[in-house]
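The primary structure of each chain is shown beneath.
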Amino acid sequence: QVQLVESGGGLVQPGGSLRLSCAASGFTFSTYAMRWYRQAPGKEREFVARINADGNTNYGDSVKGRFAISRDNAKNTVSLQMNSLKAEDTAVYYCNLFWGGVTYWGQGTQVTVSS
């Protein structure tokens, strides 16, 4: 079965950096787009970034120029490099896959940006 396991969250000061990873299994990872979403307290889940099977990427407006998504098909992982972090980036970050008409989510990893 599909499993998505996020890691790398934590507490970071404003202006700092953090790298999230998502380990995927249960499907042919290299052939599917992968996404990151986030959800802050009291807010709706928000699109963060996407990477297609061919490596093309796109980003939510609020993170463009600061975040970078990448994938390692040999390790079945997708990563999110987050730079110049702001307090408003505080959220639970989720890895996402849409496959076979079903949307899959990981358990999420908490990112807190605070001094």
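Further up the page is the structure itself.
Quick caveat: nothing in here was measured; it's all calculated off a predicted structure.

Draft legend 1. Seen up close, the environment of Gly101. Note on placement: Gly101 falls in the loop between strand E9 (91–99) and strand E10 (102–105). Between the C-alpha atom of Gly101 and that of Gln1, which follows or precedes it by 100 residues, the distance is 14 Å.

Draft legend 2. Quick look at the pattern of salt bridges. Taken as a whole and judged by the stated rule, the model has four salt bridges. Ionic pairing is found between Glu46 and Arg38, a salt bridge with its closest N-O pair at 2.8 Å. Given a relative accessible area of 32%, Glu46 falls into the partly exposed group. One salt bridge connects Asp61 with Lys64, and the closest N-O pair in it is separated by 3.2 Å.

Draft legend 3. Main features of the state of the cysteines. Taken as a whole and assessed by the stated rule, the structure comprises one disulfide. Each sulfur of the disulfide joining Cys22 and Cys95 lies 2.2 Å from the other. Residues Cys22 and Cys95 are joined by a disulfide whose S-S torsion is about -85°; by sign, that bridge is left-handed. One end of the pair, Cys22, is in strand E3 (residues 18–25); the other, Cys95, is in strand E9, with 73 residues separating them in the sequence. Note on Cys22: relative accessible area 0%, which makes it buried. Of the residues examined, Cys95 reaches a relative accessible area of 0% and is grouped as buried.

Draft legend 4. Highlighting the side chain of Glu6. The topology assignment puts Glu6 in strand E1 (residues 3–7). Buried Glu6, no salt bridge; nearest opposite-charge side chain is Arg45, N-O distance 7.6 Å. Separated by 2.9 Å, the side chain of Glu6 and the backbone nitrogen of Gly108 make a polar contact. Ignoring sequence-local partners within four residues, the contact set of Glu6 consists of Ser21, Cys22, Trp36, Tyr93, Tyr94, Cys95, Gly106, Gln107, Gly108 and Thr109.

Draft legend 5. Structural context of unusual backbone geometry. Located in the positive-phi region is Asn76, a residue other than glycine, with phi close to 55°. Mapped onto the elements of the fold, Asn76 is located in the loop between strand E7 (67–72) and strand E8 (77–82). Owing to a relative accessible area of 26%, Asn76 belongs among the partly exposed residues under this scheme. Within the chain, Ser84 stands out as a residue other than glycine whose phi angle is a positive 50°. Considering the arrangement of structural elements, one finds Ser84 in the loop between E8 and E9. For Ser84, a relative accessible area of 42% puts it in the partly exposed group.

Rules used in this analysis
- Residue numbers restart at each chain and count upward from 1, following the sequence in its written direction.
- Local features are withheld for residues below a pLDDT of 70 in this predicted model, meaning they are given only at 70 or higher, and side-chain atom pairs are given and counted only at 80 or more; totals for whole chains, interfaces and linings count all residues.
- Processing note: side-chain calculations cover all non-hydrogen atoms of the structure and skip hydrogens and water entirely.
- Helix numbering and strand numbering both begin at the N terminus, where a helix is a DSSP run of H or I of at least 4 residues and a strand a DSSP run of E of at least 2.
- Take a side-chain nitrogen of Lys or Arg and a carboxyl oxygen of Asp or Glu: if they are within 4 Å of each other, that pair is a salt bridge.
- Under the scheme applied here, a residue whose accessible area is under 20% of the maximum for its type counts as buried, over 50% as exposed, and between as partly exposed, the area being computed with a 1.4 Å probe on protein chains only.
- The rule for a disulfide is simple: a pair of cysteine sulfur atoms within 2.5 Å.
- Charged-residue counts in this description rest on Lys and Arg as positive and Asp and Glu as negative, His and the chain ends being excluded.
- Here a polar contact is recorded for every N or O atom pair within 3.5 Å, except that within protein the pair must consist of a potential hydrogen donor and a potential acceptor, and residues adjacent in sequence are included only if both atoms are side-chain atoms.
- For this analysis, residues touch if any pair of their heavy atoms sits within 4.5 Å.

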